[in-house]
Amino acid sequence: LMNRFVNTWVPGSTFKGITAAVGVDAGIINPDENLGYVGLSWQKDASWGDYHVTTLTDYGETVNLVNAMTYSDNIYFAREALKIGADTMEEKLKSFGFEEELPFDLTMQASTFDDDGKIDSEIQLADSGYGQGEVLVNPLHLAALYTGFANNGNVISLYLLYKGNPEPKIWLEQAYTPEAAQLIEKGLMQVISSPHGTGYGARREDISLAGKTGTAEIKLSKDDTSGTELGWFCIFT
């Protein structure tokens, strides 16, 4: 009986589009750069101890933005998040409406990236890049942020009450640059249209779709074996 749309949840891989927008607009993520294959388990250096970021698919040597979106590569987005840095990530997420109330007819729980408003470690930053760490997102907020990819970087206001002749209103003007929005939209289209994409099962012949799947782990610690998984699918025409 829980109204899931009211609360916030770990977004998992659906957050990768947001990380990409931050990095591309900051001039840090070069979409054509090949980061190189580092295996299915990776850590920055020995200071991480036994902690590794893992991903599921070996898709070859070309590790760039579109392929990382298509195959949902956790390691790529962890590496790029470290390059972006905590300060830039925090600043941009706040500009996207994190830690503030959504302009909506009902009161929604605010999205956050940390329980104290500060990303505290490299590991947390890396995990945040692919939607884990301490990132919690309200589903309606995430839906709104995805509208920016289809509207040249402008994030559209959400509304609940029926309108006979609705006129779109902008909530966050130029949250992303048009170039970044179009680039990420291209990647999201590949997620659905490519036979290798994680969202290929939703592909249709009669309409073009773009989107991102996500599976978030809900557990108390990395060693917790009794946790659950939360499934997401953000998709638009």
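Up top you'll find the structure we're talking about.
Just so you know, these numbers come straight off a predicted model, no measurement behind them.

**With respect to the packing of aromatic side chains**
In total, this model carries 8 aromatic pairs according to the counting rule given. Ring centres 4.9 Å apart and planes at 15 degrees place the aromatic pair Phe149 and Tyr176 in the stacked group. Taken as a pair, Phe149 in helix α6 (residues 139–150) and Tyr176 in the loop between β4 (170–172) and α7 (178–193) lie far apart in primary sequence, 27 residues in all. Tyr176 matches Phe149 in its accessibility class, with the two residues each being buried. By way of ring pairs, the aromatic residues Phe96, Tyr146, Phe149 and Tyr176 are connected into one cluster. Taking NZ or CZ as reference, Arg4 lies 5.0 Å from the ring centre of Trp9, over its face. Positioned above the aromatic ring of Tyr159 is the side chain of Lys163, whose terminal nitrogen or guanidinium carbon lies 4.3 Å from the ring centre.

**Quick look at the pattern of salt bridges**
Overall, the coordinates contain 7 salt bridges when judged by the stated rule. Lys83 is the salt-bridge partner of Glu80, the closest N and O atoms lying 3.0 Å from each other. Residue Glu80 and its partner Lys83 are located together in helix α3 (residues 74–84), separated by 3 residues, close to a single helical turn. Overall, the relative accessible area of 38% leaves Lys83 in the partly exposed class.

Thresholds, definitions, all that
Starting from 1, residues in each chain are numbered consecutively following that chain's sequence as written. Totals for whole chains, interfaces and linings use all residues, but because this is a predicted model, local features are given only for residues with pLDDT of at least 70 and pairs of side-chain atoms are given and counted only at 80 or more. Think of the side-chain values as coming from all heavy atoms in the structure, minus any hydrogens and water. Aromatic pairing here means that ring centres of Phe, Tyr or Trp (its six-membered ring) are within 6.5 Å. Orientation follows from the plane angle: under 30 degrees is stacked, over 60 is edge-to-face, and everything else is tilted. Put simply, DSSP H or I for four residues or longer makes a helix, DSSP E for two residues or longer makes a strand, and each gets a number counted from the N terminus. For every residue, the accessible area (1.4 Å probe, protein chains only) is compared with the maximum for its type, and the residue is labelled buried under 20%, exposed over 50%, or partly exposed between those bounds. Ring-over charges, as used throughout, are those where CZ of Arg or NZ of Lys falls within 6 Å of the ring centre and within 35 degrees of the ring normal. The working definition used for a salt bridge is a side-chain nitrogen of Lys or Arg within 4 Å of a carboxyl oxygen of Asp or Glu.

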